[in-house]
Amino acid sequence: MLAILRALIVIPFCILVCVFGSLYCLFSPRNPRHVYTFGRLFGSLSPLFGLKVKYRLNPEVKVSGNCIYIANHQNNYDMVTAAAAVQPRTVTVGKTSLLWVPFFGPFYWLTGNILIDRNNKSKSRDTIYQIVEQMKKRDLSVWMFPEGTRSRGRGLLPFKTGAFHAAIAAGVPIVPICVSNTNNKINLNRWNNGHVIVEMMSPIDTSVYTKDRVRELVAHCQQVMVDKLEQLNQEVAESEAAERKK
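First things first, this report covers the structure right here in the doc. Note that the structure is predicted; figures quoted are calculated from it, not measured. (Residues numbered from 1 in each chain as written. Predicted model: local features only at pLDDT ≥ 70, side-chain atom pairs only at ≥ 80, totals over all residues. Heavy atoms only, no water.)

1. Some remarks on the overall build of the protein
Rules: Numbering of helices and strands runs from the N terminus, with a helix taken as a DSSP run of H or I at least four residues long and a strand as a DSSP run of E at least two residues long. Every radius of gyration here is taken over C-alpha atoms, with the globule rule written as 2.2 Å times N^0.38, N being the number of residues. The classification of residues rests on relative accessible area computed with a 1.4 Å probe and restricted to protein chains. Under 20% of the type maximum is buried, over 50% is exposed, and intermediate values are partly exposed. Should any heavy atoms of two residues lie within 4.5 Å, those residues are counted as being in contact. Using a 1.4 Å probe, the Shrake-Rupley method yields the accessible areas, and only the shown protein chains count as cover for residues.
Tallying secondary structure elements over the protein gives 8 helices and 7 strands in all. Computed over its C-alpha atoms, the radius of gyration of the protein comes to 18 Å, within 12% of the 18 Å expected for a compact globule of 246 residues. When its C-alpha atoms are laid out on the principal axes, the protein stretches across 50 × 40 × 35 Å. By residue count, 47% of the 246 residues in the protein fall in the buried class. Taking the intrachain contacts of the protein between residues at least 6 apart in sequence as the baseline, contacts between residues at least 24 apart amount to 76%. Taken as a whole, the protein presents about 12,800 Å² of accessible surface, with 59% of it coming from carbon and sulfur.

2. Observations regarding a nonpolar patch on the surface
Using the following cut-off: Patch membership requires over 30% relative accessible area and the absence of a salt bridge. Like charges are linked within 9 Å, and nonpolar side chains (Val, Leu, Ile, Met, Phe, Trp, Tyr) within 5 Å. By definition, a salt bridge exists where a carboxyl oxygen of Asp or Glu is found within 4 Å of a side-chain nitrogen of Lys or Arg.
Judged by side-chain polarity, Ile11, Ile15, Leu16, Val19, Phe20, Leu23, Leu26 and Phe103 come together as a nonpolar surface patch covering roughly 740 Å² of accessible area. Inspection of the secondary structure puts Phe20 in helix H1 (residues 2-25).

3. A few points about the nonpolar core
To be explicit about the condition: Residue types Ala, Val, Leu, Ile, Met, Phe, Trp, Tyr and Cys, when buried and joined through side-chain atoms within 4.5 Å, form a set referred to as a nonpolar core.
Judged by nonpolar contacts, the single largest core of 66 residues is most densely connected at Ile68, Ile70 and Phe164. Ranked by the residues each element gives to this core, the list is headed by helix H8 (residues 214-245), at 8 residues.

4. Notes on the packing of aromatic side chains
As a reminder of what qualifies: Aromatic rings from Phe, Tyr and Trp, with only the six-membered ring used for Trp, were paired whenever their centres fell within 6.5 Å, and each pair was classed as stacked if the ring planes differed by under 30 degrees, edge-to-face if by over 60, and tilted otherwise.
Counted according to the given criterion, the structure contains 9 aromatic pairs. With a centroid separation of 5.0 Å and 85° between ring planes, the pair formed by Phe38 and Phe107 is classed as edge-to-face. Pair noted here: Phe38 is in helix H2 (residues 33-43) and Phe107 is in helix H5 (residues 104-110), with a separation of 69 residues, a long-range link. When sorted by exposure, Phe38 lands in the same class as Phe107, which is buried. Between Phe42 and Phe107, the aromatic rings sit 6.4 Å apart at their centres with planes inclined by 65°, giving edge-to-face as the arrangement. Of the two residues, Phe42 is situated in helix H2 and Phe107 in helix H5; the sequence distance between them amounts to 65 residues.

5. Some points on unusual backbone geometry
A positive phi angle is found at Arg89, which is not glycine, with a value near 60°. Mapping Arg89 onto the fold places it in the loop between helix H4 (78-81) and strand S3 (90-95). Classification of Arg89 by relative accessible area gives partly exposed; the value is 35%. At Asp139, a position not held by glycine, the phi torsion is positive, near 55°. Take Asp139: it is sitting in the loop between helix H6 (121-138) and strand S5 (141-144).

6. With respect to the pairing of S5
It is a general feature of regular strands that their side chains alternate between the two faces of the sheet. Test applied: By definition, two strands form a pair when at least two bridges between them are found by DSSP.
Here S5 shows two buried faces, one formed by Ser141 and Trp143 and the other by Val142 and Met144. As paired strands, strand S2 (residues 68-71) and S5 are joined by 3 bridges and run parallel to one another. Along S5, the bridge assignment pairs Tyr69 with Trp143. In the sheet, S3 pairs with S5 via 3 bridges, with the strands oriented parallel. Counted as the bridge partner of Thr92 is Trp143 from S5.

Read these as geometric descriptors, not functional statements.
Structure (structure tokens):
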């Protein structure tokens, strides 16, 4: 019953946001401020799913200028956890197939996000250069999911290199963002689905890397995130255990 009630609230809410958000964005189409605005709006849904989300933003990021954010991609609940961590003048990168998702696809494009064709490697390479050009031309930061797909409980999947090539080419740091585990955590028929921590880590300098050392950069960033996710998951488990004892 609770799951039905949640669906009756969330589904119309999301459709309305996409429809009226698209109309709103027509007055300033593809303006990067839209992603920040609507990210906060989707993030406000987390209590409705019974989640207590704690955000740990890093003040170092604001003074480091533009960057490429990399985050772990678990499932559709990232829309109500990670979305609220998107910073001003930041756009995301998604698959071109998103454009055909009813209501959401046009809205995603109009808010200024970047679409790439992952099935066409030559186009994907061109997109890396387009990302770099847009970052410089429009004073943007970019949010990417280097796993390239949802992990769905399989842990942090191997990273693709696109985000790292773009960071090296643009001469900007990489900022990892880690979201503690939500796989099999959320029961829509349960009021309290526990805690989630979203932590923005310190910028990783890419100036010492070249495109020939991109795999080294990938391995370093992945290990940093693996270690942080293990720490966050342990912290959440301890916090929820303490809460149950009260």
